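Coordinates in review
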Amino acid sequence: MHKLFSLFILLTLALPLSAQLPDPIAYYPLDGNPDDASGNFNDATDAGDAMSVDTGLVGGAYSFGTDAPPSGGLILPIDVSADSFPDLTITMWVKPDTSIANTPGLYKTFGHDDGGWDRGFGLDNRNGPY
């Protein structure tokens, strides 16, 4: 009985926290296409050498060659600037190939540039491993 009571208290405390989480703006599982699975119809467009592959950690993934964006990558129809979304969480799983992983540099994995408040995420291997 003590375990059930503790579980009930834990669920009672956790429910209000989960009710405060906003719905995702977009979700890209990359399972064969760059479509948005959130229901918000923010489908991405694959460009250049972007190619769907079946070697993702969970499900599919996309592979990008040497073309520099915007000629190689996924183009999202969302303005993720700090003006539009001051509080934004972005999650990505990125696996660089060995030529990038072993070469010092700064490699952009996600970027937004509207001439104002810009955002960029990348891998930094300039002072050792990532």
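Look up a bit, the structure's there.
What this report covers is the structure whose coordinates are included nearby.

The rules behind these values
- Residues numbered from 1 in each chain as written.
- Predicted model: local features only at pLDDT ≥ 70, side-chain atom pairs only at ≥ 80, totals over all residues.
- Heavy atoms only, no water.
- Helix = DSSP H or I, 4+ residues; strand = E, 2+ residues; numbered from the N terminus.
- Buried < 20%, exposed > 50% of the residue type's maximum accessible area, 1.4 Å probe, protein only.
- Contact = heavy atoms within 4.5 Å.
- Areas by Shrake-Rupley, 256 points an atom, 1.4 Å probe, with all protein chains shown as cover.
- Patch = residues over 30% accessible without salt bridge, like charges linked within 9 Å, V, L, I, M, F, W, Y side chains within 5 Å.
- Salt bridge = Lys/Arg side-chain N within 4 Å of Asp/Glu carboxyl O.
- Lys, Arg positive; Asp, Glu negative; His and termini not counted.
- Charge placed at Lys NZ, Arg CZ, Asp CG, Glu CD.
- Phe/Tyr/Trp six-rings, centres within 6.5 Å; stacked < 30°, edge-to-face > 60°.
- Polar contact = N/O pair within 3.5 Å; in protein donor to acceptor, adjacent residues only side chain to side chain.

1. A look at the overall build of the protein
In terms of helices and strands, the protein carries two helices and six strands. Taken from the N to the C terminus, the helices and strands of the protein come in the order α-β-β-β-β-α-β-β. Here the protein holds 130 residues, and 16% of them are scored as buried. A separation of at least 24 residues holds for 40% of the contacts in the protein among residues at least 6 apart in sequence. With an accessible surface of roughly 9900 Å², the protein has 60% of that area assigned to carbon and sulfur atoms.

2. Observations regarding a negative patch on the surface
The grouping of Asp-79, Asp-83, Asp-113, Asp-114 and Asp-118 at the surface amounts to a negative patch. Within the element layout of this structure, Asp-114 appears in the loop between β5 (106–112) and β6 (119–124).

3. Things to note about unusual backbone geometry
The phi torsion at Leu-30 lies on the positive side, around 55 degrees, for a residue other than glycine. Take Leu-30: it is sitting in the loop between α1 (2–19) and β1 (45–47). With a relative accessible area of 19%, Leu-30 lands in the buried category. Its identity is not glycine, yet Phe-41 carries a phi of approximately 60 degrees, on the positive side.

4. Here's the deal with the packing of aromatic side chains
This model, assessed by the stated rule, comprises two aromatic pairs. Their ring planes at 55 degrees and their centres at 5.6 Å tell us that Phe-110 and Phe-121 sit as a pair that is tilted. Here the residue Phe-110 occupies a position in strand β5, and Phe-121 occupies one in strand β6, the gap between them amounting to 11 residues.

5. A closer look at the environment of Ile-25
By the element assignment, Ile-25 lies in the loop between α1 and β1. Counting along the chain gives 17 residues from Ile-25 to Asn-42, while the straight-line C-alpha distance between them is 8.0 Å. Non-local contacts of Ile-25, meaning those with residues more than four positions away in its chain, are made with Asp-36, Ser-38, Asn-40, Asn-42, Ile-78, Phe-85 and Leu-88.

6. Describing the side chain of Arg-119
As for its placement among the helices and strands, Arg-119 is situated in strand β6. For the buried Arg-119, which has no salt bridge, the nearest side chain bearing the opposite charge is Asp-87, at an N-O separation of 6.8 Å. Looking at Arg-119, its side chain comes within polar contact range of the main-chain oxygen of Val-80, at 2.8 Å. In terms of polar contacts, Arg-119 uses its side chain to reach the backbone carbonyl oxygen of Phe-85, at 3.0 Å. Residues in contact with Arg-119, not counting those within four places in the same chain, are Val-80, Ser-81, Ala-82, Phe-85, Pro-86, Leu-88, Phe-110, Gly-111 and His-112.

7. Side note on the pattern of salt bridges
Counted by the stated rule, this structure contains one salt bridge. Put simply, Asp-124 and Arg-126 hold a salt bridge, and the shortest N to O gap is 2.7 Å. The exposure class of Asp-124 is partly exposed, given its relative accessible area of 36%.

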